Amino acid sequence: MEYWLKSEAFVVKVEATDGQLLVRLRDERSGREWPKVPLLALEIHDKALRREERYERLKVMLAEEADGELHIVVRMPRCDIEAGVWLRLEAGELRVSLPIIEVYEGAPGMFRLFAVDLLPGLMRVSGAGAKLVLPLNTGFVCDLTEAPACQDQFLIYGEQPRWELTPTLPFCAAHNADGGLMALVREGACDARCQFNADGDGGGETGFAMTLRRTWVDPVDHVSREIRIVPLAAADDPVLACARRIRRHVIDDHGKKTLEARATESPEVAYLLEAFIMKLFYGVQNDGYMMQGRENQARFKLCMTFDEANAALRKLSDLGVDKILTQSVGWNARGHDGLYPERFPIEPRVGGEAAFRRLIKHGNALGYHMQIHDNFMMNNLSSPAFDPDLVVQDIYGEPLIQGHWAGGPECGSWGLALPHERLGGHMERMREFGLRGMLYVDYMQKPLEVNYHPRHGGPRSDCSAGQVRIVEEARRVFGACGTEFGFMPCAVAADHIATCGEPWHITHWKPDWPIHSLLAHGDVVPIWQLVFSGLTVCEARGGVSWANVQECVLFGRVPRDEWSTRPGVMPVFDGDRAARLKAVYDLCITRFGHLKRMAISSFIQDGDKRQTTFDDGTTVVADSASDELIVNGDRVACPTILNPQT
């Protein structure tokens, strides 16, 4: 039996033969035929054998074509598991849908479906120019020409055991001199498993399986899964092509507004687009990962008082730094990370509540947006407000330890379980202090977890939804919200992201991880930046350096610095640092700050030289080797105080 779908972009042939459904895809624009592959494979856990078995030979229960769609239902009789898949050609793409309502487990006491691998092996390339584009960090391109044999897989939006992979976007692609294919997970991304292999002979493949569960007792997300297969022309730059398609997904499917539109409806976003972000660091405990090397010091480290911060802000105002979004860090009890989710009393060792109120009033009078660094994900075990019912529980029914920072060992909140008094109610209380401007909520978006709590439990998608809920509540109370990491759900919901992925994440990949062997054959590329430019503000976190200015202007980022007045933890604010801050402000905010409102239409990299072009035609070239910054053909002079050669 044969079934056909045809459009101007693709011809899809599905044939049932010898107990197997095989798919042949032809790109009509290039004439390229992709390899014949199974429609799907079922990964089923056999409880008696205590292992997963993979099945590609399945019994076809139904195959029908209607209204340009092909509906196929398959069953694995021995396990009594059945699944329905829909194929449709739409807008030049192949849509592959797995409705969860069409997944049946007839003997769930013995067999459970763990994953459905869709079109396995389809996106395979070899020969001249063969590359895989993977959703690692801000984007990772692997040249397969000399890459060693390697295979690996990971879940989109991260897993704590390998959080350094930082898969921020739900896509992958394969491309060579004849063109390529991109896969975009349009629905069910939180359970999408990206998988790839390099064969060691100049070829490789990538694609997605849709997971339902990873352990026998995992809750299943009852939403449909869908991927889109997108053709890439031979002449396409796969980085730009993938970024453009993901950007359309973010805008069309998720309703993401531009920063320009957000600025018209939110005064807080409008201010953010013209401000320097400064984290004012007051106090922190010597504990956890970030405090290593200070084991012989007293537990609490005083970095700055509220009154000392007042004097520093006055100095910046006198220098002409007119707009600053401050984020007070360590204002809460025991300082940074302290006793979360408890914040009070306001830390007396840095000034207490009266001095905190003076600081806010003084900063507001200078025209600054005085805000705090807050945290709704961290639950320190030592906190008097710790509630095991509001945190993620592990498979053993115990609170899941997720880190050990300055507040000690901690567990992650289950955002959907937080009551009003721990979320919006707390924000409203803080607003009464006179805080204004975009609220920054730290420590999210984190890698996703399954929660095994008997009442509040849920799948990874609920974990993501809980973090998005926190962002949305901050936007409701304060008009705008920023958060730490750029996994797509929070990057869509937030107005600001502190980091979209950093080079040091890549350098921390472990040598025993299979993906590590591809590092010498790949490059990090700015797909995230191309997707979210003009949609979500992203920080340039390199402080008061010329390299940070280059990064700000090249990608339309907002500069951020963090400082205190006493040495030992953060850079010390003094006359030299104040002058550096003013120099960065003049370039990144006053002169080139308008770039963060615009989309980046192209990106080119040649060794140490990177070039971006914005929608208004502005072209920026940054050369890290020569320290040159060129905008529209004109060299931008590095201020003497920032000159890396002096």
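Every chain begins its residue count from 1, and numbering advances along the sequence as written. In keeping with the predicted nature of the model, local features appear solely for residues at pLDDT of at least 70, side-chain atom pairs appear and are counted solely at 80 or more, and the whole-chain, interface and lining totals rest on all residues. With hydrogens and water set aside, each side-chain value is computed from the structure's full complement of heavy atoms.

(A) Highlighting the overall build of the chain. Scanning the chain for helices and strands turns up twelve helices and 41 strands. The globule rule is 2.2 Å times the number of residues to the power 0.38, and the radius of gyration it is compared with is taken over C-alpha atoms. Here the C-alpha atoms of the chain give a radius of gyration of 26 Å, agreeing with the 26 Å that 2.2 N^0.38 yields for 646 residues. Seen through its principal axes, the chain has C-alpha atoms that stretch 80 × 60 × 45 Å. The long-range share in the chain, meaning contacts at least 24 apart out of those at least 6 apart in sequence, stands at 68%. For the chain, the accessible area works out to roughly 24,100 Å², and carbon and sulfur atoms hold 49% of it. Seen as two clouds, the 71 positive and the 89 negative side-chain charges of the chain have centres 3 Å apart. Numbering goes from the N terminus for both helices and strands, where a helix is a DSSP run of H or I of at least four residues and a strand is a run of E of at least two. Whether two residues touch is decided by their heavy atoms; if any such pair falls within 4.5 Å, the residues are in contact. The protein chains shown are the only cover counted for residues, whose accessible areas, like all others here, come from Shrake-Rupley with a 1.4 Å probe. This count recognises Lys and Arg as positive and Asp and Glu as negative, with His and chain-terminal groups excluded. Think of each charge as sitting on NZ of Lys, CZ of Arg, CG of Asp or CD of Glu.

(B) Here's a closer look at the packing of helix H11 (residues 546-555) against helix H12 (residues 575-591). At a minimum axis distance of 10 Å, the contact between H11 and H12 shows a crossing angle of 10°. Taken as axis vectors, H11 and H12 run roughly parallel relative to one another. Viewed along their axes, H11 and H12 form a crossing whose handedness is right-handed. Side by side, H11 and H12 meet where Trp-546, Val-549 and Cys-552 of the first sit next to Val-584, Leu-587 and Cys-588 of the second. Looking at the contact of H11 with H12, its residues break down into six nonpolar, no polar and no charged. Axis definition: a line fitted to C-alpha atoms, over the contacting stretch in the case of helices. Angles run 0 to 180 degrees between N-to-C directions. Throughout this description, any angle smaller than 35 degrees is read as roughly parallel, any larger than 145 degrees as roughly antiparallel, any in the 65 to 115 degree range as roughly perpendicular, and the remainder as oblique. Crossings are sorted by hand: turned counterclockwise from the far helix by less than a right angle, the near helix makes the crossing left-handed, and turned clockwise it makes it right-handed. Each residue is assigned to one class: nonpolar for Ala, Val, Leu, Ile, Met, Phe, Trp, Tyr, Cys and Pro, charged for Asp, Glu, Lys and Arg, and polar for all the others, Gly among them.

(C) Summary view of the side chain of Glu-410. With respect to the element layout, Glu-410 can be found in strand E30 (residues 408-412). Despite its burial, Glu-410 pairs with no opposite charge, the nearest such side chain being Lys-446 at 4.8 Å. Within the local environment of Glu-410, its side chain forms a polar contact with the side chain of Tyr-443, the two groups lying 2.4 Å apart. Setting aside chain neighbours within four positions, we find Glu-410 in contact with Met-378, Asn-379, Asn-380, Leu-400, Ile-401, Gln-402, Gly-403, Trp-405 and Tyr-443. Only protein chains enter the accessibility calculation, which uses a 1.4 Å probe; a residue whose area is less than 20% of its type maximum is buried, one above 50% is exposed, and one in between is partly exposed. The salt bridge definition used is simple: a Lys or Arg side-chain nitrogen within 4 Å of an Asp or Glu carboxyl oxygen. Think of a polar contact as two N or O atoms within 3.5 Å of one another; within protein, one of them needs to be a possible hydrogen donor and the other a possible acceptor, and neighboring residues in sequence only count if both atoms come from side chains.

(D) Unusual backbone geometry, seen in detail. With an omega of 5°, the peptide bond between Phe-344 and Pro-345 qualifies as cis. Turning to its location among the elements, Pro-345 is positioned in the loop between strand E26 (324-329) and helix H5 (352-365). With omega at 10°, the peptide bond leading from Met-444 into Gln-445 counts as cis. Phi is positive for Arg-334, close to 70°, though the residue is something other than glycine. Mapping Arg-334 onto the fold places it in the loop between E26 and H5. Exposure remark for Arg-334: the relative accessible area of 38% places this residue in the partly exposed category. Positive phi, normally seen in glycine, also occurs at Asn-632, with a value near 50°.

(E) Region of interest: the sheet that holds strand E38 (residues 609-614). Taken in spatial order, the five strands line up as E37-E38-E39-E40-E41 in an open sheet, and their pairing is antiparallel. Every other strand in the sheet has two partners, leaving strand E37 (600-606) and strand E41 (634-635) as the edge strands with one partner each. Two strands are counted as paired when DSSP detects at least two bridges linking them. Relative to E38, E37 runs antiparallel, the two sharing six bridges. Bridging from a neighbouring strand, Phe-603 pairs with Thr-612 of E38. H11 contacts E37, E38, strand E39 (619-623) and strand E40 (628-631) of the sheet and is inclined by roughly 35° relative to E38.

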